[in-house]
Amino acid sequence: MTVFLCSKCGTAITPELAELAAIPDVSDDERDRDKETRRAPSTVPRGHYAIDPEPWGPPYVVQDDQEDPKPAQSRGPVVCREEGFVISAGSRQTVLVHPDDAAGLQPLPNWENSTGCCGPTGDEGLNRACPCGAPVATLAADCFGPNELHLDPVRTYAFSQ
């Protein structure tokens, strides 16, 4: 079992979690979204975590193929900015957890990096902080993308017993 802690202050961010061998496939069917919040089912079940080997979050770079763009990051939507369709060149090895397994994290002041229509899209960067105030994670929980929390691999660390 593994607990994730804040690199700045050492506070436990999660309870004990079991590692999954791979990121689960989650339905992106509209019928599987919560009727009230419009959120997708969480990518990772409660009590577990998975390591995302793919780039996730900012910075973003312009995609080579503007005629047939790919999603900006794994399990996310296609993103178009002023310069064209973009793809993540962000951190690899982010830790995916169920958002409820890090319930003590708080939005950044003034909801920084948390824009979206029904929740944060997660494509603006870190948007959740440890109780000590250090930004440590990015919540993606809007009505058109995944529902997952990415712990930053530098701003958090794992402690296994």
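Look a little higher up for the structure.
Everything quoted here is computed from the prediction, not taken from an experiment.

What counts and how
- Residues numbered from 1 in each chain as written.
- Predicted model: local features only at pLDDT ≥ 70, side-chain atom pairs only at ≥ 80, totals over all residues.
- Heavy atoms only, no water.
- Pairing = 2+ DSSP bridges.
- Helix = DSSP H or I, 4+ residues; strand = E, 2+ residues; numbered from the N terminus.
- Axes fitted to C-alpha atoms, helices over the stretch in contact; angles between N-to-C directions.
- Buried < 20%, exposed > 50% of the residue type's maximum accessible area, 1.4 Å probe, protein only.

Engineer: Explain the sheet that holds strand β4 (residues 60-62) to me, and be specific about the residues and the numbers.
Structural biologist: In spatial order, the strands read β4-β6-β5; together these three strands make up an open sheet with antiparallel pairing. The sheet terminates laterally at β4 and β5 (79-81), the two strands that pair on one side only. Taken over all neighbouring pairs, the strand axes of this sheet differ in orientation by 50° on average, direction set aside. Relative to strand β6 (residues 84-88), β4 runs antiparallel, the two sharing three bridges. The residue of β6 that forms the bridge with V62 is V86.

Engineer: Go over the environment of L139 with me, naming the residues and quoting the values.
Structural biologist: Within the secondary structure layout, L139 lies in strand β10 (residues 135-140). Accessibility expressed as a relative area gives 11% for L139, which makes it buried. In this structure the C-alpha to C-alpha distance between L139 and P15, which are 124 residues apart in sequence, comes to 18 Å.

Engineer: Mind laying out the pairing of strand β7 (residues 94-97), listing which residues take part and the relevant values?
Structural biologist: Both faces of β7 are covered, namely the face carrying T94 and L96 and the face carrying V95 and V97. One ladder, built from four bridges, connects strand β3 (residues 48-52) with β7; its direction is antiparallel. Along β7, the bridge assignment pairs Y49 with V97.

Engineer: Tell me what's going on with the sheet that holds β3, and back it up with residues and numbers.
Structural biologist: Spatial ordering of the open sheet is given by β2-β3-β7-β11-β10-β9-β8, a layout of seven strands whose pairing is mixed. Of all strands in the sheet, those with a lone pairing partner are β2 (18-19) and β8 (106-107), marking the two edges. Pairing between β10 and strand β11 (residues 148-151): four bridges, direction antiparallel. When the bridges of β11 are listed, A137 appears paired with L151.

Without other data, these values stay purely geometric and don't point to any function.
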